Amino acid sequence: MKSALRFLAAPVLVAGLVAGCATQQPFTPPTVVSAAQWGSKPHEFPESYRQTPKMVLIHHAGEMWKAGSDPEQKLRNLQTWGFNEKKWMDVPYHFLISPDGRIFEGRSVDFKPDTNTNFDTTGYINVQLWGNFEEQRVTLAQLKSVVGTTAMLIDRYDMPKDAFTTHKDVAEGQTSCPGKDFHRYIESGLFKQWVEDSLKGKTPAIELLPPLEGGPTEMTPE
Ligand SMILES: [Zn+2]
């Protein structure tokens, strides 16, 4: 009896694994430049900043990106400016994405983000794309990286697959962030589809939409 069961169990197990593989490939997270790699030197956060991540919050920088800008230098400058001008403990974002698609780690997700607008930031993971998408177009590389970053965070913190939003959606009437050239990917449902495909282990078919009527028409330089 025992040996007959053992004989039966093996093919059942194999069939189960094969069926599983067909529907769920493992998700591969994108490469991230760590905070230590760009030379981050954050101050110590008070305990009142501690949070549990619950949703990804997407921003643009709102400042034109100039060709040849160095994201690592911009990060170090932003950190120093935050210390001096805002009394922030660190850069206000948890992840930052340059127009060439590189992803940089900012502040620890264990601490809530800072903002210049008025809303409760607790639980948000702030992801910023450099550029001003009211005046410049988001690049394909950036679009791919923000989809990958969002999927990575949803996967890592076991959040619902639609656990993402944008600055203007949580601070209504206070900002146009993350800019009209980016926000349409959220509005159209394309972003949601791409994140879901990524989480299934598929390569999402990410493409730029044609320029909006009335612009912006100029691509952010990489
Ligand atoms: Zn914003």
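What you see is a predicted model; the values in this text were computed from it and never measured.

Student: Where do I start with helix α6 (residues 190-199) in this structure?
Tutor: Count 3.6 residues to each turn of an α-helix, and residues three or four apart come out pointing the same way. Of all the residues in α6, the buried ones are F191, W194, V195 and S198. Along the axis of α6, the buried positions cluster into a sector of 100°, meaning they face one direction only. Packing partners of the buried residues in α6 comprise α3 (140-156) and α5 (180-187). Following α6 by one or two positions, G201 adopts a phi angle in the positive range, close to 85°.

Student: What's the story with the nonpolar core in this structure? I'm lost.
Tutor: In this structure, V56, F95, L96, I97, V127, V146 and V147 are the most contacted members of the largest nonpolar core, which totals 36 residues. Looking at this core element by element, the count peaks at seven residues for α3. When neighbours within four sequence positions are excluded, V56 is seen to be in contact with I125, V127, T150, L153, A163 and F164.

Student: Where do I start with the environment of T28 in this structure?
Tutor: Inspection of the secondary structure assignment puts T28 in the loop between α1 (2-23) and β1 (55-60). Between the C-alpha atoms of T28 and L199, which are 171 residues apart in sequence, the distance is 8.6 Å.

Student: What is the right way to look at unusual backbone geometry in this model?
Tutor: Comment: phi is negative for the bulk of residues other than glycine, and the bulk of peptide bonds are trans. The omega torsion across C177 and P178 is 15°, close enough to zero to call that bond cis. Residue placement: P178 occurs in the loop between α4 (167-170) and α5. Going from G215 to P216, the amide bond is cis rather than trans, its omega being 5°. With respect to the element layout, P216 can be found in the segment after α6.

Student: Looking at this model, I keep getting lost on the confidence of the model for the protein chain. Mind explaining?
Tutor: Regions with low pLDDT should not have their predicted coordinates read in detail. Residues at a pLDDT of 70 or more form 89% of the protein chain, whose mean pLDDT is 92. Predicted confidence is poor over residues 1-16, with pLDDT under 50, and the contacts of this stretch with residues over four places away or in other chains come to zero contacts.

Student: Would you mind showing me how to read the packing of α3 against α6 here?
Tutor: Running from N to C, α3 and α6 point in directions that differ by 60°, and their axes come no closer than 9 Å. Here α6 runs oblique to α3, going by the angle between their axes. Both α3 and α6 take part in a crossing whose hand is right-handed. Contacts between α3 and α6 pair V147, G148, T150, A151, I154 and D155 from the former with F191, W194, V195, S198 and L199 from the latter.

Conventions adopted
Residues numbered from 1 in each chain as written. Predicted model: local features only at pLDDT ≥ 70, side-chain atom pairs only at ≥ 80, totals over all residues. Buried ≥ 20, exposed ≤ 12 C-beta atoms within 10 Å, placed from the backbone. Helix = DSSP H or I, 4+ residues; strand = E, 2+ residues; numbered from the N terminus. Arc of directions from axis to C-beta. Contact = placed C-beta atoms within 7 Å. Core = buried A, V, L, I, M, F, W, Y, C linked by C-beta atoms within 7 Å. pLDDT = per-residue confidence, 0-100. Axes fitted to C-alpha atoms, helices over the stretch in contact; angles between N-to-C directions. Parallel < 35°, antiparallel > 145°, perpendicular 65-115°, else oblique. Left-handed = near helix turned anticlockwise from the far one by under 90°.

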